Each structure stands twice: as C-alpha cells, then as structure tokens.
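These are the residues of each chain, in order.
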Amino acid sequence: MIKVILNGANGRMGKVLQEMIDNEPGMQIVAGVDREAFEAEFPTFQSMTDCGVVADVVIDFSHYTATPAVLEYCVEKKLPVVIATTGLDEETKQQLVAASKKTAVFFSANMSIGINLLAKAIREITPLLEDDFNMEIIEKHHNQKKDSPSGTALLLADAVNDAVKEKKTYIYGRHGNDLTNPLSELGIHAVRGGTIPGEHTVLYAGPDEVIELSHLALSRNIFASGAVKAAKYVSHKPEGLYDMEQLIDEK
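Residues numbered from 1 in each chain as written. Predicted model: local features only at pLDDT ≥ 70, side-chain atom pairs only at ≥ 80, totals over all residues. Heavy atoms only, no water.

**A word on the pairing of strand 6 (residues 104-107)**
Sheet analysis places strand 5 (residues 81-83) next to strand 6, joined by three bridges and oriented parallel. Each residue of the ladder has a partner; that of Val82, found in strand 6, is Phe106. In terms of handedness, the path from strand 5 via helix 3 (residues 90-99) over to strand 6 forms a crossover that is right-handed. Strand direction decides the pairing type here: strand 6 and strand 12 (residues 240-242), joined by three bridges, are parallel. (Pairing = 2+ DSSP bridges. Helix = DSSP H or I, 4+ residues; strand = E, 2+ residues; numbered from the N terminus. Right-handed = clockwise from strand over helix to strand, strands pointing away.)

Put into structure tokens, the structure is as follows:
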C-alpha cells in the first residue's frame, strides 16, 4: 500500500485526486494539507510542518507559493515528492534541483500523458520545419486560471527550443503596427474564458501549408491520473529529478 500525503487536498485538483485515489488499488491518502481548514476521512492539517503522519510519497497540487515548504518537508523527511503545481518561479525550480540531491523529486509542468507525448512529437517534427516555418503556440484555459502563459505552453515552447539549431525568442502575444514576425520568434498566446479545462495548439505555418498539433483536456481527471502514475513511479526511486518523459520511456 502506497501511503500518500496530499498537499492542496481541498482545492479543485485535490478533490479530484481524493476521489481517484479512493478508487485506486494499492494507494491510500493518509493525510491532507490545505491552508484552509477542512474535514475529510483522513487527518488534515493547515501546514506541512504540522503533519507528522508517516507516508511513502507526497503529492503537491496546490499554489506555487506553498511548494518551497513542501520541498523542505520532503528533504527533511527523505520523502519522495510529486510536484504537480504550476507557475513556479526560477528560485523554486532551483530548489527542486537542490532537493533532488536529497530525495526523489518528480516534476512536470503538465501531468497529462498526452501533453508529454505531444512534447516528444514536437522534438521530432520541429527540426524538419525549422528553416521555413513560423512557429506559434496558442493556449486556452478557464477564467479562474491565475498564471499566463500556462506552464504547459512553456513546456511545449521549451520542447521546440530543445529541437532547433538556433534558439527562438519567446514573444508573449503580438501587438504593434510594424511587426516583421521573423522565424527566430516563437509566439505564445493565452486565452482565458469560461470553464475551458485546457487546450494547447502548436502551429507550424510555412509556405502554402499549415500544420497544427493540438491537445484538448476534457476534464481535470487526466492531470490527476498523471499525478497518481507519477506517485507510484517515484515512491520507490532513489534521490534524483524525474519527469513524465522518463516515466513514459520506462513504460
């Protein structure tokens, strides 16, 4: 039985994870942490430092400001951790790397298997189109999403830049009356509205033809499912930094 501490347990994704793990053989939530007090069938706490429950792995699906404390806790307890929270700043990303030298840290800007397969496809396709095609990324999310562009849009942009001979400059939206739109730029555009769970399109526009690679999230379940797979994967790993691409490759 894999024992899970769930940080952000009473948030939108936390509630989805509660339901999913309840129906997952071999996994059990043994504690939940959320900044707002809440009731559950497991012990609940308002901070990681108050949680003394023995566990095998922590899943962090909360707010980016809470992630540093989660990493400190997991390093102290030598607990593997899945960081599924987005919007992390560079300092926290460096803390991820430092923590991975002490315990197993799994991080992905998107927990969807499909998105990470899309990133792999982008790395294959992009070198063949680099010389002649403009490349743009369009992402759409619900109107409650705080960060922009999405972590997933940046993940896909980085996949493009991993594959090109000359790194592209990220342009966050385009405006102006005298734009040249060179191939060296990668436009990243964000849409916010309604209840869109998440939609990402990578567009390659060349002479007389356009290629679009898209991923549409129909519910939050895909992100919870990925976090559960990541928790199973990392719970028995030695210290190190792991991601969804490694999980996919090992499968």
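Still more ground to cover, so stick around.
**Some details on the UniProt feature "domain: Dihydrodipicolinate reductase N-terminal" (unreviewed entry) in the chain**
In this numbering, the UniProt entry assigns the feature "domain: Dihydrodipicolinate reductase N-terminal" (unreviewed entry) to residues 2-111. Regarding residues 2-111, the helix share stands at 29% and the strand share at 24%, and the terminal C-alpha atoms are separated by 19 Å. (UniProt positions renumbered as here; feature names shortened; annotations may be inferred.)

**Details of the packing of helix 2 (residues 67-77) against helix 3**
For any two helices packed against each other, the geometry comes down to the angle between their axes and how far apart the axes lie. Packing of helix 2 against helix 3 leaves a shortest axis separation of 10 Å and a crossing angle of 10°. The pairing of helix 2 with helix 3 is recorded here as roughly parallel in orientation. Between helix 2, through Thr67, Pro68, Leu71, Glu72 and Val75, and helix 3, the contact on the second element is made entirely by Thr92, Gln95, Leu96 and Ala99. In terms of residue class, the contact of helix 2 with helix 3 is made up of five nonpolar, three polar and one charged. (Axes fitted to C-alpha atoms, helices over the stretch in contact; angles between N-to-C directions. Parallel < 35°, antiparallel > 145°, perpendicular 65-115°, else oblique. Contact = heavy atoms within 4.5 Å. Nonpolar A, V, L, I, M, F, W, Y, C, P; charged D, E, K, R; others polar.)

**Looking at the pattern of salt bridges**
Note on pairing: side chains with opposite charge can pair once their charged atoms come close. Summed over the entire model, instances satisfying the criterion amount to 14 salt bridges. Close ionic contact of Lys120 with Glu245 constitutes a salt bridge, the shortest N to O distance being 3.8 Å. Pair noted here: Lys120 is in helix 4 (residues 113-129) and Glu245 is in helix 7 (residues 244-250), with a separation of 125 residues, a long-range link. Classification of Lys120 as partly exposed rests on a relative accessible area of 25%. Each of Lys120, Arg123, Asp162, Glu245 and Asp249 takes part in a single network of salt bridges with overlapping partners. (Salt bridge = Lys/Arg side-chain N within 4 Å of Asp/Glu carboxyl O. Buried < 20%, exposed > 50% of the residue type's maximum accessible area, 1.4 Å probe, protein only.)

**What about the environment of Glu212?**
One can find Glu212 in strand 11 (residues 209-217). Measuring from C-alpha to C-alpha, the distance between Glu212 and Thr201 comes to 6.5 Å, with 11 residues separating the pair along the chain.

**Focus: the UniProt feature "binding site: NADP(+)" (unreviewed entry) in the chain**
When the UniProt feature table is mapped onto this chain numbering, "binding site: NADP(+)" (unreviewed entry) sits at Arg35. Along the chain, Arg35 falls in the loop between strand 2 (27-33) and strand 3 (44-45).

**What to know about the sheet that holds strand 4 (residues 57-60)**
Here seven strands make up an open sheet; going across it, the order is 3-2-1-4-5-6-12 and the pairing parallel. The open sheet has two free edges, formed respectively by strand 3 and strand 12, since each of these has just one partner strand. Helix 1 (residues 12-22) rests against strand 1 (2-7), strand 2 and strand 4 of the sheet, and its axis sits at about 155° to strand 2. In the packing of helix 2 onto the sheet, the strands contacted are strand 1, strand 4 and strand 5, and the crossing angle to strand 5 comes to about 165°.

**Quick word on the environment of Met20**
Mapping Met20 onto the fold places it in helix 1. Here the alpha-carbon distance between Met20 and Ile137, two residues 117 residues apart in the chain, equals 31 Å. Apart from the residues within four sequence positions on either side, Met20 is in contact with Asn221, Ala224, Ser225 and Val228.

**With respect to the packing of aromatic side chains**
Counted according to the given criterion, the structure contains two aromatic pairs. Ring centres of Phe106 and Tyr233 lie 6.0 Å apart, and the angle between their planes is 80°; on these two criteria the pair is classed as edge-to-face. Of this pair, Phe106 sits in strand 6 while Tyr233 sits in helix 6 (residues 221-234), and the two are 127 residues apart along the sequence. Take Phe106: its relative accessible area is 0%, and that puts it in the buried class. Ring plane angle 80° and centroid distance 6.0 Å describe the contact between Tyr233 and Tyr242, whose orientation is recorded as edge-to-face. Tyr233 gets classed as buried once you look at its relative accessible area, which sits at 9%. Overall, the relative accessible area of 10% leaves Tyr242 in the buried class. Three or more aromatic residues joined by ring pairs make a cluster, and in this case those are Phe106, Tyr233 and Tyr242. (Phe/Tyr/Trp six-rings, centres within 6.5 Å; stacked < 30°, edge-to-face > 60°.)

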